[in-house]
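Each chain is listed here by its residues.
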Amino acid sequence: MSPNAKGAFFALTAFGIFATHDVVVKYLGGGYSPFQVIFFSSLMSFPLVSFMLMRDPMPGTLRPVHPWWTAIRTTAAVLNGMCAFYAFSVLPLAQTYAILFATPLLITLLSIPLLGEQVGWRRGLAVGVGLLGVMVVLRPGSTELSSGHLAAMGSAVFGATASIIVRKVGHAERSVTLLLYPMAANFVVVGILMIAVYKPMPIIDIGATSMISLLGFVAGLFLIAAYKSGEAAIVAPMQYSQILWASAYGFFLFDETIDTYTIIGAGIIIASGIYIVARESTKGDSQTPVLRTRSRGYGSSFRISPFLRPSDRRKMAADSAQAAVKAG
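This one's a predicted model, so the numbers in the text were calculated from it and none came from an experiment.

About the cut-offs
- Residues numbered from 1 in each chain as written.
- Predicted model: local features only at pLDDT ≥ 70, side-chain atom pairs only at ≥ 80, totals over all residues.
- Heavy atoms only, no water.
- Helix = DSSP H or I, 4+ residues; strand = E, 2+ residues; numbered from the N terminus.
- Buried < 20%, exposed > 50% of the residue type's maximum accessible area, 1.4 Å probe, protein only.
- Phe/Tyr/Trp six-rings, centres within 6.5 Å; stacked < 30°, edge-to-face > 60°.

1. Here's the deal with unusual backbone geometry
Turning to step 1, where the next piece is worked out: You will see that Arg139, though not glycine, has its phi angle at about 50°, which is positive.
Turning to step 2, where the next piece is worked out: Assignment of secondary structure puts Arg139 in the loop between α6 (121–138) and α7 (147–169).
Turning to step 3, where the next piece is worked out: When its relative accessible area of 21% is taken as the criterion, Arg139 is described as partly exposed.
Turning to step 4, where the next piece is worked out: Positive phi outside glycine occurs at Asp255, with the angle close to 55°.
Turning to step 5, where the next piece is worked out: Its location among the elements puts Asp255 in the loop between α11 (242–254) and α12 (260–280).
Turning to step 6, where the next piece is worked out: Take Asp255: its relative accessible area is 68%, and that puts it in the exposed class.

Set out below in structure tokens:
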């Protein structure tokens, strides 16, 4: 098996597990507040993170080098998790994914003010077409926009913000710092919000919150393996396979069907995202915000994200230095 084929296989496996993760979120969301689900899932994630901390070879403290950027990213990550969990709880799976697939489009837009990157007219047009696809899914004016739709859009915005900030400061911050601050904030913030909506959970549902953490951890490991094996231009589009998982899970587990507008809108969004990835793959590394953002792009902030390898840090530092030279 070629490296790219292996990378694609690992990525498909990762996103299939992520889709299963979201099914458990939807199952729990039918009976509990998103705050409660996030709180217990965060709590169950700490043992997994502890093992990762023991393997972290980077010296230094947990104090962020860029405290303000870290604070903004932490806030965005916490809001991202809240919005995503709520959206999965109340919307059909396929419709939620269709809206969340706009995240790479928003990353491309945010790279202009936050990274100082130039987006050509072709990629700009692709972003516009992709956002038009979101409108096709939402159909404002002909259907009533629910709080779930707003939550899904909010998750896309906050997820893109958190991802682009990692792209901006990740060369200087320890990966463990970028991981722990959102986890700690989730634990405190949703723990407080949960008090008013708490419901006792049977052991099977507590086990389901543990399953959310475990699935996120395992999927993250497969995603790491995917990016180590294959090119980012091959791995990144594999996230769109989740729409297939969503269709199957939604039909067999939740009696959901996909309407025509969701299919058309999702197709437009996916086509735009793939085009952006294809365009970025022909550019220099400093001009590839989507390809260099090695994450799922949305979901809970306590999900175990791939730690940056030393080679990744050196590359990102070189990218930043090159961008500074161009700007100067």
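2. Some details on helix α4 (residues 93–100)
Three- or four-residue spacings in an α-helix give side chains the same orientation, since the helix completes a turn every 3.6 residues.
Turning to step 1, where the next piece is worked out: Within α4, eight of the eight residues are buried, leaving the element largely enclosed by the surrounding structure.
Turning to step 2, where the next piece is worked out: The set of residues buried in α4 consists of Leu93, Ala94, Gln95, Thr96, Tyr97, Ala98, Ile99 and Leu100.

3. Description of the packing of aromatic side chains
The geometry of an aromatic ring pair comes down to the distance between the two centres and the angle between the two planes.
Turning to step 1, where the next piece is worked out: In the structure shown here, the tally under the stated rule is eleven aromatic pairs.
Turning to step 2, where the next piece is worked out: Between the aromatic rings of Phe39 and Phe187, the centroid separation amounts to 5.0 Å while the plane-to-plane angle is 25°, which identifies the pairing as stacked. Note that Phe39 is positioned in helix α2 (residues 34–54) and Phe187 in helix α8 (residues 175–194), a separation of 148 residues in sequence.
Turning to step 3, where the next piece is worked out: Under the relative-accessibility criterion, Phe39 is labelled buried at 13%.
Turning to step 4, where the next piece is worked out: Its relative accessible area of 30% is what places Phe187 among the partly exposed residues.

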